[in-house]
Amino acid sequence: MVSHPSIAPYASLELSASPPRAGELRARFMGVTTILLDDGEIAILTDGFFSRPPLGRVIIRKLVSDTKRIDAAFHAAQIEHVAAVFVAHAHYDHAMDCATVALRTGALLIGSESVANIGRGACVPDDRLRIIRGGEIYAFERFNVTVYRTVHSPHARFPGVISEPLSQPARVRAYQEGGCYSFLVEHDGRRILIHPSANVVPGMYEGVRAD
């Protein structure tokens, strides 16, 4: 049996659930590569993966988003409205919950064509889907997000694309990569680089500055 260390000693490091004051940028890590960026007026999210199914379930069962876990995460972070969910790639541990999160928050769902097909399978309206290929810049009030095309870690499973709408329940192999992306988030002079995959294209960040 795997033993997991207690996180109790780190409880004092957790931010309070109160939202940031207007103009105060707050970044909240919520597991895997899910990061909530909120300035009290606009919030954006990367990936939005909250279900976190055990590995045994991933291997033997079809996957369905865990709405109770999503609700608990929303409550803990006081998430109500999100302007956009930026999805790094379409593997289950990044994209499984993205459509549910977009529908619950009114967010745009921004990702590859494969991510868009996850959205379509969950009935996210087409006017709330944005397909990225790298190089796009999205503006949300004081946020500007630049998209970079990158590569997944070597020898990754399920390297293909999702070519048609994907509805849950679905096998883990249905969540094919569909292309990998990173995001440079700029906000009032601050620059945060979110690089969710363990690989890089040499020179892709040449000339890019991040805090």
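As the structure is a computational prediction, the values presented were derived from the model and not from experiment.

Conventions and cut-offs
Residues numbered from 1 in each chain as written. Predicted model: local features only at pLDDT ≥ 70, side-chain atom pairs only at ≥ 80, totals over all residues. Heavy atoms only, no water. Core = buried A, V, L, I, M, F, W, Y, C linked by side-chain atoms within 4.5 Å. Buried < 20%, exposed > 50% of the residue type's maximum accessible area, 1.4 Å probe, protein only. Helix = DSSP H or I, 4+ residues; strand = E, 2+ residues; numbered from the N terminus. Contact = heavy atoms within 4.5 Å. Axes fitted to C-alpha atoms, helices over the stretch in contact; angles between N-to-C directions. Parallel < 35°, antiparallel > 145°, perpendicular 65-115°, else oblique. Left-handed = near helix turned anticlockwise from the far one by under 90°. Nonpolar A, V, L, I, M, F, W, Y, C, P; charged D, E, K, R; others polar. Pairing = 2+ DSSP bridges. Phe/Tyr/Trp six-rings, centres within 6.5 Å; stacked < 30°, edge-to-face > 60°.

(A) Seen up close, the nonpolar core. In terms of nonpolar packing, the biggest core is built from 36 residues, with Phe50, Val85, Tyr92, Leu109, Ile118 and Tyr175 touching the most fellow members. For this core, the secondary structure elements donating two or more residues are strand S3 (43-46), helix H2 (67-77), helix H3 (92-95), helix H4 (98-105) and helix H5 (113-121). Discounting chain neighbours no more than four positions away, the residues touching Val85 are Leu45, Asp47, Val101, Ala107, Leu108, Leu109 and Ile110. By size, the runner-up hydrophobic cluster in this structure holds 20 residues, among which are Ala84, Leu108, Ile110 and Phe183.

(B) Geometry of the packing of H2 against H4. Interhelical geometry of H2 versus H4 gives an angle of 50 degrees and a closest axis separation of 11 Å. Taken as axis vectors, H2 and H4 run oblique relative to one another. You can see that H2 and H4 cross each other, and the crossing is right-handed. Between H2 and H4, the contacting residues are Thr67, Ile70, Asp71 and Phe74 on the first element and Thr100, Val101, Arg104 and Thr105 on the second. By residue class, the composition of the contact of H2 with H4 is 3 nonpolar, 3 polar and 2 charged.

(C) Here's a closer look at the sheet that holds S3. Read from one edge to the other, the open sheet built from 6 strands follows the order S1-S2-S3-S4-S5-S6, with strand pairing classed as mixed. Whereas interior strands pair on both sides, the edge strands pair on one side only; in this sheet they are strand S1 (26-29) and strand S6 (129-131). For this sheet the average axis-to-axis angle between neighbouring strands, irrespective of direction, equals 20 degrees. Against the sheet, H5 touches strand S5 (108-111) and S6, its axis set at about 165 degrees to S6.

(D) Representation of the packing of aromatic side chains within the structure. Enumeration according to the criterion identifies 6 aromatic pairs in this entry. Centre to centre, the rings of Phe86 and Tyr138 are 5.9 Å apart; their planes meet at 70 degrees, and the pair counts as edge-to-face. With Phe86 in strand S4 (residues 84-86) and Tyr138 in strand S7 (residues 137-140), this pair connects stretches of sequence that are 52 residues apart. Members of the aromatic cluster, each reached through a chain of ring pairs, are Phe86, Tyr138, Phe140 and Phe183.

(E) Spotlight on the environment of Gly48. Relative to the helices and strands, Gly48 is located in the loop between S3 and helix H1 (55-60). Those residues within four positions of Gly48 in sequence are excluded, and the remaining contacts are Thr34, Asp97, Cys98 and Val101.

(F) Highlighting the environment of Arg130. Locating Arg130 in the fold gives a position in strand S6. Sequence separation between Arg130 and Val172 is 42 residues, and the spatial gap between their C-alpha atoms is 24 Å.

Geometry only, nothing functional implied.
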